[in-house]
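# Observations on the three-dimensional arrangement
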Amino acid sequence: MKVTFLGTGTSQGVPVIACDCEVCQSLDYRDKRKRTSIHIQVDGKSIVFDTGPDFREQMLRERINHLDAVIYTHEHKDHTAGLDDVRSYNFKQDMDMPVYGRKPVLEQIKREFAYIFAVNKYPGIPKVELHEIENKPFQVEGIDIQPVDVLHYKLPVFGYRIKDFTYITDVNYIPDEEKEKIKGSKVLVLSALQKNSHLSHFNLEQAVAMVRELEIPQAYFIHMGHRMGLHRDIEEELPEGMELAYDGLQIEL
Ligand SMILES: [Zn+2]
Ligand SMILES: [Zn+2]
Ligand SMILES: [Zn+2]
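Attention here is on the structure that accompanies the text. (Residues numbered from 1 in each chain as written. Chains lettered and ligands numbered in written order. Predicted model: local features only at pLDDT ≥ 70, side-chain atom pairs only at ≥ 80, totals over all residues. Heavy atoms only, no water.)

## Some points on the coordination of the zinc ion (ligand 1)
Six octahedral donors at a metal ideally form angles of 90 or 180 degrees, and four tetrahedral donors ideally form angles of 109.5 degrees. Defined as follows: With water excluded from the atoms, a metal site may look incomplete; its donors are any N, O or S atoms within 2.8 Å, or within 3.2 Å for Na, K and Ca. For a four-donor site, all angles between 85 and 135 degrees give tetrahedral; for four or six donors, opposite pairs above 155 degrees with the remaining angles between 65 and 115 give square planar or octahedral; all remaining cases count as irregular. Numbering goes from the N terminus for both helices and strands, where a helix is a DSSP run of H or I of at least four residues and a strand is a run of E of at least two. Relative accessible area decides the class of each residue, using a 1.4 Å probe on protein chains only: under 20% of the type maximum gives buried, over 50% gives exposed, and in between gives partly exposed.
Protein coordination at the zinc ion (ligand 1) comes from Asp78 (OD), His79 (NE2), Asp170 (OD) and His223 (NE2), with a distance range of 2.1 to 2.3 Å. Note that the zinc ion (ligand 1) binds four donor atoms; their angles at the metal cover 93 to 160 degrees, and the shape is irregular. The motif formed by the donor residues of the zinc ion (ligand 1), counted along the single chain, is D-H-x90-D-x52-H. Between the zinc ion (ligand 1) and the zinc ion (ligand 3) the interatomic distance amounts to 3.4 Å, and aspartate 170 serves as a bridging ligand to the pair. With aspartate 170 in the loop between strand 10 (165-168) and helix 6 (176-182) and histidine 223 in the loop between strand 12 (218-222) and helix 8 (231-237), this pair connects stretches of sequence that are 53 residues apart. Given a relative accessible area of 1%, histidine 223 falls into the buried group.

Take a look at the structure:
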């Protein structure tokens, strides 16, 4: 399995518009974070998790020329806004794009992209095939996927485990029974917004503690905001087996 970090930034991205802080002014490419999303290539299938506002640029940058499915974590705009651009794959592959999400996510997509579902459709709009998922294992193109049901303040969010890889973004609480689904993963990708505490996201200290509690040998943090600090400073502080991800990072497992 090959995992590509398409974006590792929080909802505003880094740099933040009109911010002149040290992180937003940094010239280090690792401090330039598009909105959070990952792509996985597994058993010959190409799957993306979320389609944020930077989806088009991310797919171009990584030259992802074929896409088999989109799986959503939750309905926040920084994870859904780019759905319109699946059109390119509709045209090239001559198929409707399979889209997976829990019921509230699909309901919100129907509201926010109402034109996609209109009775009389304008030509050239995206074509999607909605698949509602629940908190139980499902398959996408023959790939087994285990949802992990977590909370983002009060909003339920799905993380996902595929083989020994688990991906969880936008989380500040993981119930004990869901922790069991993560245990044994070789790699965990987990969101860590910043150093200060936050209403709806783990901060860095909480994310580090969660990786330790779950005894995951290798973890990558994502969904960072500009208040996290410079990539080069934070990476020095992290324990063995934990790293900040950055846009374009690829891992194989
Ligand atoms: Zn987010
Ligand atoms: Zn800033
Ligand atoms: Zn969110």
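There's more to say after this.
## Observations regarding helix 5 (residues 103-112)
This is how the line gets drawn: In this context, the arc is that of the directions from the helix axis out to the C-beta atoms. Residue contacts follow a heavy-atom distance rule, with two residues in contact if any of their heavy atoms lie within 4.5 Å.
For helix 5, the set of buried residues is Val105, Leu106, Gln108 and Ile109. Summarising the axial view, the buried residues of helix 5 lie within an arc of 160 degrees, below the 170-degree limit, and thus occupy one face. The elements touched by buried residues of helix 5 are strand 5 (97-101) and strand 6 (128-132).

## Things to note about the sheet that holds strand 11 (residues 187-191)
Within a sheet, adjacent strands bond to each other through the backbone by hydrogen bonds, running parallel or antiparallel. The test is simple: Between any two strands, at least two bridges found by DSSP are needed for them to pair. Under this scheme, a helix contributes an axis fitted over its contacting stretch, all axes are lines through C-alpha atoms, and angles between N-to-C directions fall in the 0 to 180 degree range.
Taken in spatial order, the seven strands of this open sheet run 7-8-9-10-11-12-13, and their pairing is mixed. Whereas interior strands pair on both sides, the edge strands pair on one side only; in this sheet they are strand 7 (138-140) and strand 13 (242-244). Averaged over all adjacent pairs, the angle separating strand axes in this sheet is 25 degrees, with direction ignored. Taken together, the seven bridges between strand 8 (residues 143-152) and strand 9 (residues 155-162) define a ladder with antiparallel strand orientation. Bridge pairing links histidine 152 to leucine 155 in strand 9.

## Remarks on unusual backbone geometry
Generally, phi is negative for residues other than glycine and the peptide bonds are trans, each holding for most cases. Note the cis peptide between valine 14 and proline 15, where omega equals 0 degrees. Along the chain, proline 15 turns up in the loop between strand 1 (2-7) and helix 1 (22-25). If you check the backbone angles, lysine 163 has positive phi at about 55 degrees while not being a glycine. One can find lysine 163 in the loop between strand 9 and strand 10. In the Ramachandran plot, histidine 223 falls in the positive-phi region, its phi being about 60 degrees despite a non-glycine side chain.

## Focus on the pairing of strand 5
Selection criterion: Handedness rule for crossovers: strands pointing away from the viewer, path from the first strand over the helix to the second running clockwise, crossover right-handed.
Extensive coverage of strand 5 is indicated by the burial of five of its five residues. Burial of the side chains of strand 5 extends over both faces: Met97, Val99 and Gly101 are buried on one face and Pro98 and Tyr100 on the other. Summarising the sheet, strand 4 (residues 69-71) and strand 5 pair through two bridges and their orientation is parallel. Bridge pairing links isoleucine 71 to tyrosine 100 in strand 5. Relative to strand 6, strand 5 runs parallel, the two sharing five bridges. Directly across from methionine 97, in strand 6, lies its bridge partner valine 128. Between strand 5 and its parallel partner strand 6, the chain crosses via helix 5, and the hand of that crossover is right-handed.

## As for helix 7 (residues 204-214)
Within helix 7, the full set of buried residues consists of Leu204, Ala207, Val208, Met210, Val211 and Leu214. The buried side chains of helix 7 occupy one side of the element, clustering within an arc of 160 degrees when seen end-on. Exposed and oriented more than 90 degrees from the buried face of helix 7 are Glu205 and Arg212. Where the residues of helix 7 are buried, they touch helix 6, strand 11, strand 12, helix 8 and strand 13.

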